[in-house]
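Results of the structural survey
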Amino acid sequence: MPDGGMETAELDKAHLWHPFTPMGDWCARGHEPLVIARGEGAYLFDDRGRRYLDGNSSIWTNIHGHRHPAIDAAVRAQLDEVAHCSFLGTTNAPAAELAAALAALFPSNTLERVFLSDDGSTAVECALKMALQFFQLTGEPGRRGFVSFEGAYHGDTLGAAALGGIPLFHGRFDGLGVPVRRVASVAGLDGVEPGAVAAVVIEPLVQGAAGMRLWPAGTLRDLRAWCDRNGALLVLDEVMTGFGRTGRMFACEHEGVTPDLMALAKGLTGGYLPLAATLTTRRIYEAFLGGRERAFYYGHSYSGNPLGCAAALANLRVFEDEKTLAALPAKIEHLRRGLDALDAAHPGRIAEVRQCGMIAGVELAGGDGTLGARACTAARRHGLLTRPVLDTVVFMPPLCTTPEQIDEGLRALGAALDEVRL
Ligand SMILES: *Cc1c(COP(=O)(O)O)cnc(C)c1O
């Protein structure tokens, strides 16, 4: 089908509405949408056979690469059993095994309960509702507000978006979701009336959508202490940082902190299928016991989806079989050296390089808010596919990316910087 790509682009422009996209620009005559046809390991291929390094892990989801044989096989095997059945009033083996496997990733007697949903936003939404209902059930109904941070991103459903602190994304809906007090840093908590706080919500170690902004060391420990002192819950949104991205399985391990609630999604299925989990402690779970009036009335049609759970189990097995975490320190160090070299080779062009494990943000100097996008478009011509956050170019390829492929990606980014000017 020689003009199959053409047809896709036409149908797309006629009928689709893309996320986070000014659609007038997308549909403009001069814009040729990139049509992705297939993937293999750290690479994606377009409909003309051109190859791209998946430089942002398909918006922070992919972990072990595309078409990983073990995850492919697990999903296929589950397809031969059943693709989906309702989780209301039934259970299934992949979901039960996944819950046990997730709980086993945390210190015993901590995050031992797993509530399944569909994506990062619903995992966060669910954590918010659990926190609110927990305090209603335990005699503190006045705790109905949340603390979140400037620059935060927790998803786009109304509750999750209410936490968000990125004006372009969230400003329009300010005050229309749950009550939220946004602070700039841990120090900002001094001005917060603690008795009204249900939970403090944070992206641990690094704020993703803010442009890979790193928190000062000790932030999580300080938040844990504040929450404990003031009787509030700590919610960690590891939707982006989870599953090895920071060099440890979960970002919170870097500070030895366990939260009361944790949201997981994106990398949970290795980047294969939409599945999310909200993990919590026995203390919170047990408050919901004791009959219909106390139960958690929340769920989605695809909760516990067996295909997603099978992919997630396979994702965890690959971590063990391929010793993914053990291979990371060398790759992270390689990435660090590569980023330093990129910076040195482009004097005056890079304002700041931020790195946390396999996550990097390269903030371009003198940007006008469009420089990052133009750099990404140029990088595409050199075989690197990624997206910017304003003038910060994100580089966070899948964990399976080899040192040679990291070099390849950074070379493409360097070539893009040479081409793009203000
Ligand atoms: C992407 C993201 C979300 C939202 O997840 P979706 O699956 O896109 O709904 C929430 N929190 C963080 C930290 C994220 O990076």
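The structure we're discussing is the one just above.
Keep in mind that what you see is a predicted model, and the values were worked out from it rather than measured. Sequence positions are assigned chain by chain, starting from 1 and proceeding in written order. Given that the model is predicted, a residue must reach a pLDDT of at least 70 before its local features are reported, and side-chain atom pairs must reach 80 or more before they are shown or counted; all residues, however, enter totals for whole chains, interfaces and linings. Values shown for side chains rest on all heavy atoms present in the structure; no hydrogens or waters enter the calculation.

Remarks on unusual backbone geometry
Backbone geometry at Trp 60 places phi at a positive 70°, although glycine is not the residue there. If you trace the backbone, Trp 60 turns up in helix H3 (residues 57-60). Of note, Leu 390 is a non-glycine position whose phi angle comes to about 50°, a positive value. Secondary structure elements are taken from DSSP: a helix is a run of H or I of four residues or more, a strand is a run of E of two residues or more, and numbering for both begins at the N terminus. Structurally, the position occupied by Leu 390 is in the loop between strand E16 (388-389) and strand E17 (392-395).

What to know about the pattern of salt bridges
When their charged atoms lie close together, side chains carrying opposite charge are able to pair. Salt bridge, as used here, is a side-chain nitrogen of Lys or Arg placed within 4 Å of a carboxyl oxygen of Asp or Glu. Considering all chains together, one arrives at 18 salt bridges under this definition. We note a salt bridge from Asp 260 to Arg 283, for which the minimum N-O separation is 3.9 Å. Separated by 23 residues along the polypeptide, Asp 260 in the loop between strand E10 (233-237) and strand E11 (261-264) and Arg 283 in helix H10 (residues 282-287) bring together distant segments of the chain. For the salt bridge of Arg 354 with Glu 352, the shortest nitrogen-to-oxygen distance reads 2.5 Å. Residues joined by salt bridges that share partners form a network here, namely Arg 224, Asp 228, Asp 260 and Arg 283.

Section: the sheet that holds E16
Backbone-to-backbone hydrogen bonds pair the strands of a sheet. The strands run either parallel or antiparallel. Strand order in the open sheet made by the four strands is E13-E14-E17-E16, with antiparallel pairing throughout. Each end of this open sheet is capped by a strand with a single partner; those strands are strand E13 (350-356) and E16. Pairing between strands is defined by DSSP: at least two bridges between them are needed. Judged from the four bridges that link them, strand E14 (residues 359-364) and E17 form a sheet pairing that is antiparallel. Residue Glu 363 lies in a different strand from E17, and its bridge partner there is Thr 392. Contacting E13, E14 and E17, helix H14 (residues 403-419) crosses the sheet at an angle of about 165° to E17. Two residues form a contact once any of their heavy atoms are found within 4.5 Å. Axis angles are defined between N-to-C directions and span 0 to 180 degrees, where every axis is a line fitted to C-alpha atoms and, for a helix, only to the segment in contact.

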